[in-house]
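# Observations on chain architecture
Below are the chains, spelled out letter by letter.
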Amino acid sequence: MDNMERIDWNDQYRKNETPWDKGAAAPPLLEYLERNSVSGRILVPGCGRGHDVRALAAVGSADVIGLDISRIAVEGAERFPRTNGERYILGDLFDPPDTFEGMFDMVFEHTCISALAPEWREGYAEQITRFLKPGGEYLGVFFLNPWDEDEEP
């Protein structure tokens, strides 16, 4: 992964070029939480300012950890009042703490994999698999891009 170009996420937050951040948790996550319970330890990679982390923590029976590579995003998340003991870690999901191995009952993601260049996605899947306990769940919000490669949106 070292030879692949990385986006400067701090710069994106510094310039407020964060169109994925709508100031609230992802509506599909909120709909899911209305119908389903979550528990155990949950990781939210690419958590940004932590809106989804707080929504998951609000259900009360989950230990939720948000991970982001941007110091500015994590600092922004930390400025919100705590919902239920959620935590934020500044770190790179491609170079995670050793303790992440098999640590999580669920990984929830919204916009993290889509922000990665296609050549990074297989490594992303490998990391998420490493983070999950046996039988753990992966829940994601993904959007369909209806345009062909040759078309402009």
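Quick caveat: nothing in here was measured; it's all calculated off a predicted structure. (Residues numbered from 1 in each chain as written. Predicted model: local features only at pLDDT ≥ 70, side-chain atom pairs only at ≥ 80, totals over all residues. Heavy atoms only, no water.)

### Quick notes on the layout of surface pockets
The test is simple: Points on a 1 Å grid, built from protein atoms alone, make a cavity when a 1.4 Å probe fits but cannot get out and make a pocket when they are open with protein on both sides within 12 Å along at least 5 of 7 lines; residues with an atom within 4 Å of a point are the lining residues. Grid points are joined across faces, edges and corners, and a volume is the space filled by probe spheres set on the points. Elements are defined by DSSP. Helices are runs of H or I of four residues or more, strands are runs of E of two residues or more, and each kind is numbered from the N terminus. Just so you know the grouping, Ala, Val, Leu, Ile, Met, Phe, Trp, Tyr, Cys and Pro go in nonpolar, Asp, Glu, Lys and Arg go in charged, and all remaining residues, Gly too, go in polar.
Roughly 1100 Å³ of volume is contained in the largest pocket. Lining the largest pocket are 43 residues, and of these Trp-9, Thr-111, Cys-112, Ser-114 and Ala-115 lie nearest its centre. Looking at the lining of the largest pocket, the elements that each hand over two or more residues are α1 (9–14), α2 (27–35), α3 (51–57) and β2 (62–68). Each residue belonging to the lining of the largest pocket can be placed in one class, and the counts come to 25 nonpolar, eight polar and 10 charged.

### Re the sheet that holds β2
Selection criterion: In this scheme, strands are said to pair when DSSP sees at least two bridges between them. Interaxial angle, 0 to 180 degrees, is taken between N-to-C directions of lines fitted to C-alpha atoms, where a helix line uses only the stretch in contact.
Spatial ordering of the open sheet is given by β3-β2-β1-β4-β5, a layout of five strands whose pairing is parallel. Here the strands that pair on one side only, and so sit at the sheet edges, are β3 (87–90) and β5 (132–141). Each strand axis lies, on average, 25 degrees off the axis of its neighbour in the sheet, ignoring direction. Where strand β1 (residues 40–45) and strand β4 (residues 104–110) come together, two bridges link them in parallel fashion. When the sheet's bridge partners are listed, Leu-43 is paired in β4 with Val-107.

### Some remarks on the packing of aromatic side chains
Formally: Whether two aromatic rings pair depends on their centres lying within 6.5 Å, for rings of Phe, Tyr and Trp, where Trp uses its six-membered ring; planes under 30 degrees apart make the pair stacked, over 60 edge-to-face, and the rest tilted. Note on exposure labels: buried denotes an accessible area under 20% of the residue type's maximum, exposed denotes more than 50%, and partly exposed covers the range between, all computed with a 1.4 Å probe on protein chains only. Consider the ring centre and the ring normal. A charge sits over the ring if Lys NZ or Arg CZ is within 6 Å of that centre and within 35 degrees of that normal.
Applying the stated criterion across every chain, the model contains five aromatic pairs. With centroids separated by 4.9 Å and ring planes inclined at 75 degrees, the aromatic side chains of Phe-94 and Trp-120 adopt a geometry described as edge-to-face. Remark: Trp-120 occurs in the loop between β4 and α5 (121–131) and Phe-94 occurs in the loop between β3 and β4; sequence separation between them is 26 residues. Taking the centre distance of 5.5 Å and the plane angle of 90 degrees together, the rings of Phe-100 and Phe-131 count as edge-to-face. Taken as a pair, Phe-100 in the loop between β3 and β4 and Phe-131 in helix α5 lie far apart in primary sequence, 31 residues in all. Taken individually, Phe-100 and Phe-131 each receive the classification buried, so the pair is uniform in this respect. Feature note: the residues Trp-9, Tyr-13 and Trp-20 constitute an aromatic cluster, connected by ring pairs. Between Arg-54 and the ring centre of Phe-80, over which it is positioned, the NZ or CZ distance is 3.7 Å.

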